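# Survey of secondary and tertiary structure
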Amino acid sequence: MARPPVAITRLTDQMEPRIARAFLDAVQDMTTSANMSALVAHIEAGNTEAIMRSLNLQPDMLAPLDRAITEAFADGGQYEIETQDVPDPDGVGPLVIRFNGRNPRAEAWARERSSQLIVEILEDQREMARMVIQDGIARGVNPRQTALELVGRMDPITRTRQGGFIG
């Protein structure tokens, strides 16, 4: 049975916002929890590795994104099973097929894809942070201002950082 394009579109329309929200929540957590005084001190010292630690650019910070991708994988597998038209090989009744996202090969595949994406995101963020810092130094920008350009300014109402290059 051919899958109707509208059903696939509906499924991706449900998955995309969940994945995007998980990414944005993770970025918000990274920026809001950034240690500004340490970040400024490390920018002043030119300690790149310490800067990256202060920015919380670590894989565990993207765990919500990892979970959302895993859930999307499971939803996609379930959708695929539900839309299959598989004839009963014995001819005695409907063939029941279930998707088992806990299959070791399926889990490994999802884990590898998610990990690869997270590594790429973090590498991009680290490279962007290096560029912002180098640009700040070249322009003679105060290290605190450079830190704010990276993680954004604290919103006094929401107590979360807004703006900034991270994410």
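Reading the values: the criteria
Residue indices follow the written sequence of each chain, beginning from 1 at its first position. This being a predicted model, a pLDDT of at least 70 is required before a residue's local features are given, and a value of 80 or more before pairs of side-chain atoms are given or counted; all residues contribute to the totals for chains, interfaces and linings. Only hydrogens and water are removed before side-chain values are computed, so all heavy atoms of the structure are retained for them. Labels follow the DSSP assignment, with helices taken as runs of H or I lasting at least four residues and strands as runs of E lasting at least two, numbered in each case from the N terminus. Computation of the radius of gyration draws on C-alpha atoms alone. For the globule rule, the value is 2.2 Å times the number of residues to the power 0.38. Each residue is assigned to one of three classes by its accessible area relative to the maximum for its type, calculated with a 1.4 Å probe on protein chains only: buried under 20%, partly exposed between the two thresholds, exposed over 50%. By definition, residues are in contact when any of their heavy atoms lie within 4.5 Å. Each accessible area value is a Shrake-Rupley result obtained with a 1.4 Å probe; residue values ignore everything except the protein chains displayed when judging cover. Only four residue types enter the charge count: Lys and Arg as positive, Asp and Glu as negative, with His and the chain ends excluded. Lys charges are placed at NZ, Arg charges at CZ, Asp charges at CG and Glu charges at CD. Each patch groups residues whose relative accessible area exceeds 30% and which form no salt bridge, using 9 Å between like charges and 5 Å between nonpolar side chains of Val, Leu, Ile, Met, Phe, Trp and Tyr. Salt bridges are counted wherever a side-chain nitrogen of Lys or Arg sits within 4 Å of a carboxyl oxygen of Asp or Glu. Note on terminology: a nonpolar core comprises buried Ala, Val, Leu, Ile, Met, Phe, Trp, Tyr and Cys residues joined through side-chain atoms within 4.5 Å.

Quick look at the overall build of the protein now. The helix and strand tally for the protein stands at six helices and two strands. Over its C-alpha trace the protein gives a radius of gyration of 22 Å, far above what one expects of a compact globule, namely 15 Å for 167 residues. In terms of its C-alpha atoms, the protein occupies a principal-axis envelope of roughly 75 × 30 × 25 Å. Out of the 167 residues belonging to the protein, those deemed buried represent 32%. Contacts spanning at least 24 positions in sequence make up 65% of the contacts within the protein whose residues lie at least 6 apart. Total accessible area on the protein is roughly 10500 Å²; 54% of this is exposed by carbon and sulfur atoms. When the 18 positive and 24 negative side-chain charges of the protein are each reduced to one mean point, those points stand 5 Å apart.

What follows covers a nonpolar patch on the surface. A cluster of nonpolar side chains, contributed by Val86, Leu95 and Ile97, occupies part of the molecular surface with about 200 Å² of accessible area. Among the secondary structure elements, Ile97 is positioned in the loop between helix H4 (63–82) and helix H5 (104–139). On the basis of relative accessibility, which here comes to 32%, the residue Ile97 falls in the partly exposed class.

Let us now look at the pattern of salt bridges. Side chains bearing opposite charge may pair, as long as their charged atoms lie close to each other. This structure, assessed with the given rule, holds six salt bridges. A salt bridge links Asp25 to Arg21; the shortest N-O distance between them is 2.9 Å. Placement of the pair is Asp25 and Arg21 together in helix H1 (residues 5–32), with a separation of four residues, close to one helical turn. Given the relative accessible area of 38%, Asp25 is considered partly exposed. On the basis of relative accessibility, which here comes to 46%, the residue Arg21 falls in the partly exposed class. Through salt bridges with shared partners, a single ionic network connects Asp135, Arg139 and Glu149.

All right, on to the environment of Gln14 then. Within the fold, Gln14 resides in helix H1. Note: C-alpha distance between Gln14 and Ala72 (58 residues apart in sequence) is 9.1 Å.

Negative phi values dominate among residues other than glycine, just as trans dominates among peptide bonds. With a phi close to 60 degrees, Asn56 is a non-glycine residue in the positive phi region. Phi at Arg159 takes a positive value of approximately 60 degrees, unusual for a residue other than glycine. Examined against the element boundaries, Arg159 turns out to sit in the loop between strand S1 (153–154) and strand S2 (161–162). Assessed through its relative accessible area of 54%, Arg159 is described here as exposed.

Attention now goes to the nonpolar core. Core analysis: the biggest nonpolar cluster contains 28 residues, and Leu39, Leu55, Leu57, Leu62, Leu150, Val151 and Ile166 have the highest contact counts within it. Taken together, the elements giving at least two residues each to this core come down to H1, helix H2 (36–45), helix H3 (48–54), H4, H5 and helix H6 (143–151). By residue number, the principal contributor to this core is H5, which donates seven residues. For Ile166, the residues in contact, after removing those within four places along its chain, are Val27, Thr31, Leu55, Leu57, Gln125, Met128, Leu150 and Val151. Ranked by size, the runner-up nonpolar core spans five residues in total, among them Ala7, Leu11, Met15 and Tyr79.

Everything listed here is a matter of geometry and, on its own, says nothing about what the molecule does.
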